[in-house]
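# Structural features, examined
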Amino acid sequence: MSEEAQTATIFDRPFGLRMIGLTQMTFGFLALVAFIGLVLAIVGGVPGVADLGPVYAVVLLIGVVIPCLVIGNYVDDLRRNAVVAQILYSLFSIAMAAIFLMYWGIGYEWAFPLYEISVQVAIGNLAVFIVVVEAFFALYLIVKWNEVAPPSDVYVERDRVIAKQIVTGIVPSPLTPSLISPDGETTLSDDDSRRIMDVRRVTTDEGMAVLCSNCGGATPLTKVEDDNTLVCDYCGVRLGVSSVFVPCENHPEYLAATNCDVCGEHFCRMCLTAQEPPVDKRWKGSIVHICQKCFEGRYRPAVTTTSLVLPIDQLFDKAGSRFSRVGGIYRKFLGKYSAVMRYVLEFTLRLAASVMKAGGKGNSNDGAAMVLIAVVVAVVAIPLAIGVVLLLGAIVIIPFLFYAGLVGVTIEAVKIISRTDFLSLSEAREKGIAVGAPAKTKESTLREDQRDWEYRGSRYAGERHVTETYFRRQN
Amino acid sequence: MQVQHIMCPVCGGRIPIEHNDKVNRCEYCASPVLGSDQNRNCSRHPDRLAVEVCHVCNEMFCEEDIEYRVADYGGKLFTIVNCDKEYCVDESQWAKPLNREYQQLVNMDWADNIDNLILRVTGLGAVLMMIFELVFVLSMIYLQYFTTHSANLPMFFLPGDIVIVLSILGNLLSAILLQTALQVYIHERQLGSGIVLLIILVAEAAFLIGRGLYFNLLINPIPWLLPLLFGAFTFSVILVFIGSMMATAVGYKKHKQFRSARITLGLTAER
């Protein structure tokens, strides 16, 4: 056994193993349908199943449904025990089907009642099919044993997101050297392991490595070329080199990527998050970089601080905007409606006039009056009814919105307490790669005060600056 | 001259290499990277490794030649760095020099562990209180509109009007409690928010007990509802109470540290 734990991922499973898992699951699902049908037939008192029906149902459940679903679910996850179980189950199935064929023969058929008809099932043929398929499964698993049943010292990463990151080589950790071997299983030589560890853990002359902004891999500074660029050891992109060779405050083994814009200290990509910049022409970048402490706003009344009243006024703002949106919809509706009504009215008046011209006898005038009443109803009653419906809709929506807002506030609070609302640059990049799209960022409901600069001149106008002590006293 | 581009080590954006002997800024995040022929040492002291880049002239300097300034954006402070050249100082006048001494004197890293604990205790209590309120609303609406026991619940004009109004009030109170509970993590607000938290907690507890009695929950027909609500409420109150007491104690210590720093640096008339 090698000293280093070896690692494989879920993507290393052979295609055949995947097919075995899916087939077993299909068997289990079909057997489950049959089991449910049988139980319904027993409960419904269908003649012909009352005697042995319960026995068949139990046998089907214990002998087919549960093992097929359970084993089928686990066998294609590169689980040694599941593969052993599948082989045993295949042998058991073959034995049972063979005994069945010996006693009843290949031509045996069942006829079971389905409502008013009787369905013939060629059970003998089904038994032969089971023997063939399960024999193939057992044979395949035994022949491909080394590929389908990883040894106990091999760790299998089954989380698809992490596995994908490992396969594409975008995760600088875990640091097990064998993880980085080409096939995830090969035991690397000590020299190779040391070389990889050197890259990951960084023991260079300058004592620092650069974290790649593309893949997150760490490449030692010793590899910086004469033109002050660096080719990433992992993904091969050519990176510029940060201007100052200062280590990250939290990770001295990494070169700081840039400064935190709030406290000015140097941090690597794992310790910085990005936020929208202030609306101010003096700010040159389209991003503000912030370290975790400044993100939390602990030391300075810096970028992020929470407010006593924020979620409440925000909720009412949302509710108010919902009301005004409903008003807007209603106004738009009235505009369109009146435009259409002009033609309806014109048409109806012409119709009424033609009805009146039709003759002075009988109830032709009554008909014109009815048309006019219908027009009045159409012009007044319909918009009124729609207005009432929209208003009621708004009244119902707003409490729901309020409740949903409070649930959202609670979730944001949990993120803040567990300190998971800080999304670092490298995490954002990895998430973006894992999902194939840039990481979605959502402003926290409780940290939205960070965009205070949008309220400049209103909230702080005329106030004594609360942060004066952070400025050097001028004489 | 043909402008080449290179990948930014910070954001992965494009950096046009316009200067070979000066830092080049990323088009997206404005992070500086070295020019292709640029020396990594201080412009003024070639034997020293540079530690900062002047935001005006983009040259690199060691600690001795730079000045940190803070700029105010609507009450928030960002830090910039400039060198001591006259032009660069003039161009940076809009930002004020950073008070390093004050920063050092008010360093509160000593409280990191206890603050983490305080945040989690008060935060957990406040979150539980919020969840309690959210569940309470649903329970009362259920009792009011989906059971035959709505007669126990009070009303003004329509069935459920008082229930909804008082439930919304309770939710607002718990949202305020939650907001205050999160602010115990901010050094300068810790003492204040600890005290405010205690006051809000008393108000919230009184309101909840009063509302429960007003809603006749003591004779409500669902046997498990009252113990469940009361248990959750009691547990939350205990957590918030403990957290607020700790916040007040630690916050007072910090308050003294702030005061002492201001007195030491002559930033206040106090003695």
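Residues numbered from 1 in each chain as written. Chains lettered and ligands numbered in written order. Predicted model: local features only at pLDDT ≥ 70, side-chain atom pairs only at ≥ 80, totals over all residues. Heavy atoms only, no water.

Of the regular secondary structure elements, chain A holds 11 helices and 12 strands. Buried positions account for 42% of the 475 residues belonging to chain A. In chain A, 58% of the contacts between residues at least 6 apart in sequence involve partners at least 24 apart. Of the roughly 26,300 Å² that chain A leaves accessible, carbon and sulfur atoms contribute 64%. (Helix = DSSP H or I, 4+ residues; strand = E, 2+ residues; numbered from the N terminus. Buried < 20%, exposed > 50% of the residue type's maximum accessible area, 1.4 Å probe, protein only. Contact = heavy atoms within 4.5 Å. Areas by Shrake-Rupley, 256 points an atom, 1.4 Å probe, with all protein chains shown as cover.)

Let us now look at the overall build of chain B. In terms of regular secondary structure, chain B is built from 6 helices and 9 strands. Per-residue burial for chain B yields a buried fraction of 52% across its 271 residues. In chain B, once contacts between residues fewer than 6 apart in sequence are set aside, the share between residues at least 24 apart is 54%.

Residue and element names in this part refer to chain A. The contact between helix α3 (residues 80–104) and helix α4 (residues 123–143) brings their axes to 8 Å, and the two run at 150 degrees. When the axes of α3 and α4 are compared, the pair comes out roughly antiparallel. Crossing geometry of α3 relative to α4 is assigned as left-handed. Residue-level contacts link V83, Q86, I87, S90, S93, I94, A97, A98, F100 and L101 of α3 to I123, G124, A127, V128, I130, V131, E134, A135, F137, A138, L141 and I142 of α4. Among the residues making up the contact of α3 with α4, the classes are represented as 17 nonpolar, 4 polar and 1 charged. (Axes fitted to C-alpha atoms, helices over the stretch in contact; angles between N-to-C directions. Parallel < 35°, antiparallel > 145°, perpendicular 65-115°, else oblique. Left-handed = near helix turned anticlockwise from the far one by under 90°. Nonpolar A, V, L, I, M, F, W, Y, C, P; charged D, E, K, R; others polar.)

Before going further, it helps to spend a moment on the pattern of salt bridges. Residue and element names in this part refer to chain A. What the rule picks out here adds up to 16 salt bridges over all chains. Between R18 and D76 there is a salt bridge whose closest N-O contact spans 2.5 Å. Of the two residues, R18 sits in helix α1 (residues 15–43) while D76 sits in the loop between α2 (53–75) and α3, which places them 58 residues apart along the sequence. Judged by its relative accessible area of 29%, R18 falls in the partly exposed class. (Salt bridge = Lys/Arg side-chain N within 4 Å of Asp/Glu carboxyl O.)

Counting residues in each nonpolar core, the largest one holds 46 residues, and the members touching the most others are M129, F136, M140, L177, L178, F215 and F233 of chain B. Those elements that provide at least two residues to this core are α10 (364–417) of chain A together with α3 (112–146), α4 (161–182), α5 (190–214) and α6 (225–264) of chain B. Residues in contact with M140 of chain B, not counting those within four places in the same chain, are L153, V163, F215, L217 and L225 of chain B. Core analysis: the second largest hydrophobic core is formed by 34 residues, C215 of chain A together with M60, Y68 and C83 of chain B among them. (Core = buried A, V, L, I, M, F, W, Y, C linked by side-chain atoms within 4.5 Å.)

On the secondary structure map, S31 of chain B appears in the loop between β3 (24–25) and β4 (32–33). Discounting residues that sit within four places of it in the chain, S31 of chain B has contacts with T258 and H289 of chain A together with C8, V10, N24, R25 and C26 of chain B.

The next thing to look at is the pairing of strand β2 (residues 14–17) of chain B. The pairing of strand β1 (residues 4–7) of chain B with β2 of chain B spans 4 bridges and is antiparallel. Across the sheet, M7 of chain B pairs through a bridge with R14 of chain B, a residue of β2 of chain B. (Pairing = 2+ DSSP bridges.)

Turning to the state of the cysteines, a few remarks are in order. What is meant by a disulfide is a covalent connection between two cysteines, made through their sulfur atoms. All names here are of chain B. What the rule picks out here adds up to 0 disulfides over all chains. We note that C42 lacks a disulfide partner, and the nearest cysteine sulfur, in C62, lies 3.6 Å from it. Judged by relative accessible area, which is 3%, C42 ranks as buried. Summary of cysteine pairing: C88 is not part of a disulfide, and the nearest cysteine sulfur, belonging to C83, is at 3.5 Å. (Disulfide = S-S within 2.5 Å.)

Residue and element names in this part refer to chain B. Taken as a whole, this structure holds 14 aromatic pairs over all chains when the rule is applied. Plain terms: the ring middles of F136 and F215 are 6.1 Å apart, the flat faces sit at 10 degrees to each other, and that makes the pair stacked. With F136 in helix α3 and F215 in the loop between α5 and α6, the pair connects residues that are 79 residues apart, well separated along the chain. The ring of Y68 has R100 sitting right over it, with the charged end atom 4.2 Å from the ring centre. (Phe/Tyr/Trp six-rings, centres within 6.5 Å; stacked < 30°, edge-to-face > 60°. Lys NZ or Arg CZ within 6 Å of the ring centre and 35° of its normal.)

Let's shift gears to α4 of chain A. Helix length check: α4 of chain A, at 21 residues, gives a terminal C-alpha distance of 30 Å against a target of 30 Å (1.5 Å per residue), a fit within 8%. Along α4 of chain A, the residues classified as buried are I123, G124, A127, V133, E134, F137, A138, Y140 and L141 of chain A. (Expected span 1.5 Å × (residues − 1).)

This part takes up a negative patch on the surface. Negative charge collects at one region of the surface, where D226 and D227 of chain A together with D21 and D37 of chain B lie side by side. What makes D21 of chain B exposed here is its relative accessible area of 58%. (Patch = residues over 30% accessible without salt bridge, like charges linked within 9 Å, V, L, I, M, F, W, Y side chains within 5 Å. Lys, Arg positive; Asp, Glu negative; His and termini not counted. Charge placed at Lys NZ, Arg CZ, Asp CG, Glu CD.)

A positive phi angle, close to 60 degrees, is found at N228 of chain A, a residue other than glycine. Non-glycine residue N216 of chain B carries a positive phi angle of around 55 degrees. With respect to the helices and strands, the residue N216 of chain B is situated in the loop between α5 and α6.

To continue, consider a nonpolar patch on the surface. A contiguous nonpolar surface patch, about 740 Å² in accessible area, is contributed by F92, M96, I99, M102, Y103 and W104 of chain A. Along the polypeptide, M96 of chain A turns up in helix α3.

Tracing the backbone through its elements, the reader meets T258 of chain A in strand β9 (residues 258–259). T258 of chain A gets classed as buried once you look at its relative accessible area, which sits at 8%. In contact with T258 of chain A, not counting residues within four places along its chain, are E265, H266, F267, L272 and H289 of chain A together with V10, S31 and P32 of chain B.

All names here are of chain A. Burial along strand β12 (residues 288–291) is two-sided: the face carrying V288 and I290 and the face carrying H289 and C291 are both buried. Pairing geometry for strand β11 (residues 272–275) and β12, over 4 bridges, is antiparallel. Following the sheet pairing, Q275 is matched in β12 by V288.

Residues and elements named next belong to chain A. Averaged over all residues, the pLDDT of chain A is 72; the fraction at 70 or higher stands at 63%. Residue range residues 196–206 is modelled with pLDDT below 50. Its contacts to residues more than four positions away, or to other chains, number 35 contacts. pLDDT under 50 marks residues 448–465. Its contacts with residues more than four places away, or in other chains, come to 36 contacts. (pLDDT = per-residue confidence, 0-100.)

Attention shifts here to the environment of I130 of chain A. Looking at where I130 of chain A falls in the secondary structure, it is placed in helix α4. Taking the C-alpha atoms as reference points, I130 of chain A and A98 of chain A, 32 residues apart in sequence, are found 9.4 Å from one another.

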